[in-house]
Amino acid sequence: MLVVFLLLLSAGAVAVYTISLDIKTRDRNLIAAQRMKNHALFRLSRPLVGTPQLDDLNGRLNAHGVQLGAPIFMRIFKREFELELWMLRDGRFHRFATYPICMWSGALGPKQKEGDRQAPEGFYTVTKKQLNPNSRWHRAFNLGFPNLFDRSHKRTGSFLMVHGGCGSIGCYAMTDPVISEIWKIVTAALNGGQPRFHVHVFPFRMSNEALEARKDDAQFPFWRDLKQGHDHFEANWMPPRVSVCNARYVFDAAKSRNGSDVIERQCPKPTAVGRGGAPVQRRTN
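Residues numbered from 1 in each chain as written. Predicted model: local features only at pLDDT ≥ 70, side-chain atom pairs only at ≥ 80, totals over all residues. Heavy atoms only, no water.

### Remarks on the nonpolar core
One finds Met74, Phe96, Tyr99, Phe141 and Ile182 to be the most contacted residues of the largest nonpolar core, which totals 58 residues. The dominant element in this core, judged by the number of residues it contributes, is helix H4 (residues 176-191), at eight residues. With residues up to four places along the chain from it excluded, the contact list for Phe96 reads Leu57, Arg60, Leu61, His64, Val66, Leu85, Trp86, Met87, Glu181 and Ile185. (Core = buried A, V, L, I, M, F, W, Y, C linked by side-chain atoms within 4.5 Å. Buried < 20%, exposed > 50% of the residue type's maximum accessible area, 1.4 Å probe, protein only. Helix = DSSP H or I, 4+ residues; strand = E, 2+ residues; numbered from the N terminus. Contact = heavy atoms within 4.5 Å.)

Set out below in structure tokens:
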């Protein structure tokens, strides 16, 4: 009986490994195919599939009921090659546009060290100081890698950008026409009083099914934490306040200030129960 049990256990382990390997293979093949398709269109000077009507920015702004200068928020989904730009209207963010990403390098998973060619994943903020209007990639803004979380894990790297063109060594390349439109919206928001905007970078669309399918991946615990931040935003279309505590991301939806919060090293205060069941706050840091 013991031999049979061990054989069944071994077979189950092989099955799980095979499923995990299949998912990784599918991801790798999909990403490679999308890169080839995008690069071919780029070489032909054709817009990527899904590119908004860039020559009608004002019309699209009016259709969405927003205007240049409103606070903004961004999300990137690597597997889907998409960058979302959201704009504040009536106290919450509304998705204004989804732009196709022409190129990013590496595989799914965070950037670990200088030279690994990985594009970062995580939660980043961008200020005016991170803008580069004279980039060799037409326009660019620095994501701010490594952030507090990255540094707590001793991750290294520099000049990880969102920029024009269709080449990447750890960056997100958007093509020149697309980055030009993004640049107008970004600079208007920062010049209009938003001190910084958040860019949340995910490996894939963070559905429960997509995450569960990758539960055997070494990055699963990291991605599970990213999903918490993702779900906070999905709950009310406002980015949560992001902090780093004990080398992990933590989130506070109640303290978000229009998506302009600084990412700080801060642990939540634990709650104890006092007399009569009243909560008592205790500081641990």
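The structure having been displayed, the exposition proceeds.
### Considerations on the environment of Thr127
Relative to the helices and strands, Thr127 is located in the loop between strand E5 (122-126) and strand E6 (131-132). Thr127 gets classed as buried once you look at its relative accessible area, which sits at 19%. Spatially, the C-alpha atom of Thr127 lies 6.9 Å from that of Phe197, the residues being 70 residues apart in sequence. Residues in contact with Thr127, not counting those within four places in the same chain, are Leu190, Pro195 and Arg196.

### Focus: helix H2 (residues 57-64)
Three or more residues of H2 are buried, namely Leu57, Arg60 and Leu61. Viewed end-on, H2 has its buried residues packed into an arc of 100 degrees, placing them on one side of the element. Facing away from the buried surface of H2 by more than 90 degrees, the exposed residues are Asn58, Asn62 and Ala63. Structurally, H2 contributes buried residues whose contacts are with strand E2 (82-89), strand E3 (92-100) and H4. In the stretch just after H2, Gly65 is the one whose phi turns positive, near 70 degrees. (Arc of directions from axis to C-beta.)

### Here's the deal with the pattern of salt bridges
For the structure on display, the rule yields 17 salt bridges. Among the salt bridges present, the one from Asp217 reaches Lys24, with a minimum N-O distance of 4.0 Å. Taken together, the positions of Asp217 in the loop between helix H5 (208-212) and helix H6 (220-236) and Lys24 in helix H1 (residues 2-43) put the pair 193 residues apart, joining distant regions of the chain. Among the residues examined, Asp217 registers a relative accessible area of 17% and is labelled buried. Arg214 serves as the salt-bridge partner of Asp27, at 3.0 Å between the closest nitrogen and oxygen. (Salt bridge = Lys/Arg side-chain N within 4 Å of Asp/Glu carboxyl O.)

### Examining the sheet that holds strand E10 (residues 197-202)
Strands sit in the order E3-E2-E1-E10-E5 across an open sheet of five strands; the sheet is mixed. At either end of the open sheet lies a strand with only one pairing partner, and these are E3 and E5. The mean inter-strand angle of the sheet, taken between neighbouring strand axes irrespective of direction, is 20 degrees. Summarising the sheet, E2 and E3 pair through eight bridges and their orientation is antiparallel. Across the sheet, Arg89 pairs through a bridge with Arg92, a residue of E3. This element, H2, spans E2 and E3 of the sheet and lies at about 145 degrees to E3. Sitting on the sheet, H4 touches strand E1 (72-77), E2, E3, E5 and E10, and the angle it makes with E3 is about 155 degrees. (Pairing = 2+ DSSP bridges. Axes fitted to C-alpha atoms, helices over the stretch in contact; angles between N-to-C directions.)

### Details of the side chain of Thr187
Here Thr187 is to be found in helix H4. For Thr187, the side chain forms a polar contact with the main-chain oxygen of Lys184, separated by 3.3 Å. (Polar contact = N/O pair within 3.5 Å; in protein donor to acceptor, adjacent residues only side chain to side chain.)

### Notes on H6
The first and last C-alpha atoms of H6 sit 25 Å apart over 17 residues, in line with the 24 Å expected at 1.5 Å per residue. Restricting attention to buried positions, one finds in H6 the residues Phe220, Phe222, Trp223, Asp225, Leu226, Lys227, Gly229, His230 and Phe233. Looking at the residues trailing H6, positive phi occurs at Trp237, about 60 degrees. (Expected span 1.5 Å × (residues − 1).)

### As for the sheet that holds E6
Pairing is mixed in the open sheet, where five strands are placed in the order E4-E9-E8-E7-E6. The sheet is open, and its two borders are formed by strand E4 (103-104) and E6, each paired with just one other strand.

### Side note on the state of the cysteines
This structure, assessed with the given rule, holds two disulfides. Disulfide pairing is shown between Cys102 and Cys166; the S-S distance is 1.9 Å. The sign of the S-S torsion, about -85 degrees, decides the handedness of the disulfide formed by Cys102 and Cys166: left-handed. Here Cys102, found in the loop between E3 and E4, pairs with Cys166, found in the loop between strand E8 (161-163) and strand E9 (172-173); they are 64 residues apart in sequence, far enough to count as distant. In this model Cys245 forms its disulfide with Cys267; the gap between the sulfur atoms is 2.0 Å. Here the disulfide of Cys245 and Cys267 is right-handed, its torsion about the S-S bond being about 100 degrees. (Disulfide = S-S within 2.5 Å.)

What is shown is where atoms sit, not what they do.
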